[in-house]
Amino acid sequence: MVMRYLYVKRTVILASTECPKPDYVHFNPTGICYKSFAEEKTYDEAKQTCAADGGMLAMPKDEATNTFISSLEYGDVGRWIGLSDAASEGNWVFEDGQTLASTGYNNWNRGEPNGGEGENCITLRLGGPTWNDMGCNGNKRFICQLYQGNHAFEVLRTANQTYEGVDFFAIEARLPADGLSASLDWCKDYQNLCGHYGLRPTGCGEIWAVPDRSASDPNAIR
């Protein structure tokens with residue numbers, strides 16, 4: 001059955017700081033692990049390296065995350081992060097499909113982005129946490145991210161959606177046929193699912209209903 005929303009009981013979750021791959025560093029607020037690579041690769045080659053580890057290029061969607069990954073080693077040159085407008089000029093999209101605009105955050109360096117169609121990929125600038133658009137075929141160091149937790153949801157679709165002028169990143173997922181969670185309970189699976197996309201779940205048990213709709217309405221948000 002496809003779940004439009006997930007409602008689970010409140011439970012206390014004990015966070016782990018163990019990363020699934022060696023040399024990755026855990027960032028506690030998001031539960032995501034990061035690694036800065038010394039070798040230089042094109043944007044696509046860097047993506048492939050991250051994918052081989054089971055992850056993606058790093059996606060800083062808030063100031064705290066951006067500051068953290070900027071502090072990782074090998075920051076003496078620019079480093080690729082997982083943000084590009086290669087598919088549609090000026091429409092910046094993270095590697096997980098979420099638009100930059102929907103996060104409400106950016107950290108462009110002054111005058112950036114300024115490369116037009118010739119510069120479609122983003123680096124963290126040398127010596128600082130600001131962003132610069134660059135040609136994707138250049139060789140740069142890069143940062144990968146892994147989420148430390150597992151979830152048993154089958155993700156069917158992700159999409160950027162707008163409701164009453166507000167941008168949302170929607171995840172449509174399905175429970176497994178056996179009904180078994182991949183962690184302590186479904187609350188943890190839900191948190192892990194959100195964390196995989198760099199999202200911060202507000203918790204388990206709260207009901208976030210669309211105004212003028214009851215929480216039992218399938219179009220309400222939980």
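Being a predicted model, the structure only gives us computed values, none of them experimental.

### Quick word on the pattern of salt bridges
Thought 1: Scanning all chains against the criterion turns up 3 salt bridges.
Thought 2: The partner of Lys47 in a salt bridge is Glu95, with the nearest N and O atoms 3.5 Å apart. Separated by 48 residues along the polypeptide, Lys47 in helix H1 (residues 43-52) and Glu95 in the loop between strand S6 (93-94) and helix H3 (100-103) bring together distant segments of the chain.
Thought 3: Among the salt bridges present, the one from Lys61 reaches Asp96, with a minimum N-O distance of 2.6 Å. With a gap of 35 residues between them, Lys61 in the loop between strand S4 (56-57) and helix H2 (63-70) and Asp96 in the loop between S6 and H3 connect regions that are remote in the sequence.

### A look at unusual backbone geometry
Thought 1: With an omega of -5 degrees, the peptide bond running from Glu112 to Pro113 counts as cis.
Thought 2: Relative to the elements of secondary structure, Pro113 occurs in the loop between H3 and strand S7 (121-124).
Thought 3: Positive phi is not limited to glycine here, since Asp23 has a value of about 75 degrees.
Thought 4: With respect to the helices and strands, the residue Asp23 is situated in the loop between strand S1 (2-3) and strand S2 (25-27).
Thought 5: For Tyr74, which is not a glycine, the phi torsion comes out positive at approximately 70 degrees.

### Focus on the confidence of the model for the protein chain
Thought 1: The predicted model of the protein chain averages 79 in pLDDT, with 77% of residues at 70 or higher.
Thought 2: When pLDDT is averaged over each helix and strand of the protein chain, the minimum, 42, is found for S1 and the maximum, 98, for strand S5 (residues 79-84).
Thought 3: Across residues 1-16, confidence stays below pLDDT 50; counting only partners more than four residues off in sequence or on other chains, it has 39 contacts.
Thought 4: pLDDT under 50 marks residues 205-222. Its contacts with residues more than four places away, or in other chains, come to 35 contacts.

Parameters and conventions
Residues numbered from 1 in each chain as written. Predicted model: local features only at pLDDT ≥ 70, side-chain atom pairs only at ≥ 80, totals over all residues. Heavy atoms only, no water. Salt bridge = Lys/Arg side-chain N within 4 Å of Asp/Glu carboxyl O. Helix = DSSP H or I, 4+ residues; strand = E, 2+ residues; numbered from the N terminus. pLDDT = per-residue confidence, 0-100. Contact = heavy atoms within 4.5 Å.

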